[in-house]
Amino acid sequence: MTPPNFLTIKEAKAGLRQKKFSVVELIYSCLEQIRKYDKQIKAFLYVEDEKALIAQARKVDEKLGRGERVGDLEGIPIALKDLFSTEGMPTTAGAKIISDYVPVYDSTVVKRLKEAGAIIIGKANEDAWGHGSSGENSDFAPTRNPWDLERVPGGSSSGSAAAVASGMCLAATGTDTGSSVRLPAAFCNQTGIKPTYGRVSRYGIIAMASSLDTIGHITRDVYDNALVMRVTAGRDENDATSSPKPVADYLKTIDKSWKKLTIGLPEEYFPDELEGQIREITLQAVETLTGAGASVKKIKLPHTKYAMACYYILVPSEISSNLARFDGVRYGKERSVFGAEAKRRIMLGTYTLSAGYYDAYYKKAQRVRTLIKQDFEEAFQQVDILLAPSYPGVPFKLGEKIDDPLQMYLSDIFMCPINLAGMPSLNLPCGFVKNLPVGMQLIGPQFSEELLYQVGFQYQQLTDWHKRKPVAC
Amino acid sequence: MKKIDLTIEQVKHIAKLANLPLTEKEIQLFQKQLSHVLDYFKLLQELETQKVSPTSQVTGLENVFRSDAARPSLPVESTLKNTKKTHNQFFKVASVWEK
């Protein structure tokens, strides 16, 4: 029998209802896992006090015992990426400069998760400020991949993915500005969503690049992912960029089969240099879907090769502005305490926004962004969704890329264009190379999360990659 | 196209604009690394973008307002909680006057 800490949210809720175990036991099983493995994995920067967690759990058990109405996530232990302001809990963004910062308010997403009954088990480790794709840029210590402790879990939501993969919680929040939910989900064999820009409120979540940041989450399967999305999505008065578009009931339509689905394969995401095994695994996933009735069409996204340059102008520019507030006045230490990567991005962004350079760099990149977005819009005239590898390889080893910043930046090549276009993308486990997870993305038009979940759910009925667990845990 | 090579002076100027105190070693390192990355950006010059409008809001939202009505704010004690540098319910900042 699967221990409670490795159940899906759906299974855990059923287990609690059927009194197979209590919320107290569920929390203990997660805490036990953290005690056993987190010294090596380092998924958490902060774990909530045990007494406080058990008190919360007892309250939920009593509620369940009285047969009271409960929230969608009642009693479910969730970890929050440390960018999420959490009232009374240290929120460090993975950075030493605000290692003592304790917010006096909850971000909107945290508020919604709490209102749905979730139990916040702790704050997850990450690349400081979201700057990174491996977890190695944490100012504290790098998180390790539960599938192979010598390898990276992906970033920047490194701790979030590692915590879910290793059974330390049942779901975790993340942010995705240029890969940061999808890549760690792919590297750790989890389901991760990067929603449409503005689908989920950014209020209270420490900002990286305000025109690209999206608020996502990592779960064990698509059903869980849709369940959490129903809680977090929707307009927020405190975030003017949040969309007024109504939130679909993702669970209601999740198991409806599609009548006609055309999947586009962008040829730029299947270049000649793409590693053979990754190509094979991804094309096999395509076959699984065509076997279920989908049709396939090759399409082009001609401006793909300019996406990285565009991204690395826009993002550091916006970072330099967003990190200007950390001046040691209202919170935090003085600016020399910033880590190397943060300093590098602040410097880059300051240059590209400065007088005499703004037009050549920032304004130019904004125009290129329009071209990249148009590529996707034109593709979606021909197909319903796109399918592409999440990463052109397996999770790499710690230290392998850290010395060459440009190399590290280029590993986001399959990810960044989607953020520039503001489109949603869902990472799904789709295979293994030598016991290392491989993920693929389903990319849709803006606000098509409902369709992505339908296709993803169907895919997970036909495969069981997502059910595998790392041996070490 | 000429290779981008930032001078030490330029790096120091950027650091001043960014209010980032850097060590000599950091200045040298960033001179190399920033030049390398900026050089990569030359790729964008291949694209003709004069007639392309810039994207700053990717989902097309414009003029999102709320009513001009006062709302409760955080209590003063909460806002001061994360620093020791306070005085009479104010934040204390470094002096901007030259002595």
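This text follows the structure it describes.
In this text, all values refer to a predicted model and were calculated from it rather than measured experimentally.

Across its full length, chain A holds 15 helices and eleven strands. Computed over its C-alpha atoms, the radius of gyration of chain A comes to 21 Å, within 12% of the 23 Å expected for a compact globule of 473 residues. In terms of overall dimensions, chain A has a C-alpha envelope of 65 × 60 × 45 Å along the principal axes. Taken across its 473 residues, chain A has 66% of its residues classed as buried. Excluding contacts between residues fewer than 6 apart, the proportion of contacts in chain A whose partners are at least 24 apart in sequence is 77%.

Now for the pattern of salt bridges. Residues and elements named next belong to chain A. Taken as a whole, this structure holds 20 salt bridges over all chains when the rule is applied. Here Arg-202 ties to Asp-239 by a salt bridge, and the two come within 3.9 Å at their closest N and O atoms. Highlighted residues: Arg-202 in the loop between β5 (191–194) and β6 (214–219) and Asp-239 in the loop between α7 (222–232) and α8 (250–253), separated in sequence by 37 residues. Arg-202 sits in the buried class, given a relative accessible area of 15%.

Residue and element names in this part refer to chain A. Among the nonpolar cores identified, the biggest contains 164 residues, and Leu-73, Trp-129 and Phe-376 are the most heavily contacted of them. No other element matches helix α10 (residues 307–322), which puts ten residues into this core. Leu-73 has contacts with Ile-9, Ile-78, Leu-113, Ala-116, Gly-117, Ala-118, Leu-227, Val-228 and Val-231, leaving out every residue within four places of it along the chain. One finds Leu-183, Tyr-391, Phe-396 and Met-415 within the second-largest nonpolar core, a separate group that totals six residues.

All names here are of chain A. Spatially, β1-β3-β2-β4-β6-β5-β10-β11-β9-β7-β8 is the arrangement adopted by the eleven strands of the open sheet, whose pairing is mixed. In this open sheet, the two strands that pair with only one neighbour each are β1 (44–47) and β8 (295–299). Neighbour-to-neighbour, the strand axes of the sheet open up by a mean angle of 30°, direction not taken into account. Pairing analysis gives five bridges linking strand β7 (residues 262–266) to β8, with the strands arranged parallel. The residue bridging Gly-264 from the neighbouring strand is Lys-297, located in β8. Along the sheet face, helix α15 (residues 449–462) touches β5, β6, β9 (385–389), β10 (425–433) and β11 (436–443) and points at about 20° away from the line of β10.

About the criteria used
- Residues numbered from 1 in each chain as written.
- Chains lettered and ligands numbered in written order.
- Predicted model: local features only at pLDDT ≥ 70, side-chain atom pairs only at ≥ 80, totals over all residues.
- Heavy atoms only, no water.
- Helix = DSSP H or I, 4+ residues; strand = E, 2+ residues; numbered from the N terminus.
- Rg over C-alpha atoms; globule rule 2.2 N^0.38 Å.
- Buried < 20%, exposed > 50% of the residue type's maximum accessible area, 1.4 Å probe, protein only.
- Contact = heavy atoms within 4.5 Å.
- Salt bridge = Lys/Arg side-chain N within 4 Å of Asp/Glu carboxyl O.
- Core = buried A, V, L, I, M, F, W, Y, C linked by side-chain atoms within 4.5 Å.
- Pairing = 2+ DSSP bridges.
- Axes fitted to C-alpha atoms, helices over the stretch in contact; angles between N-to-C directions.

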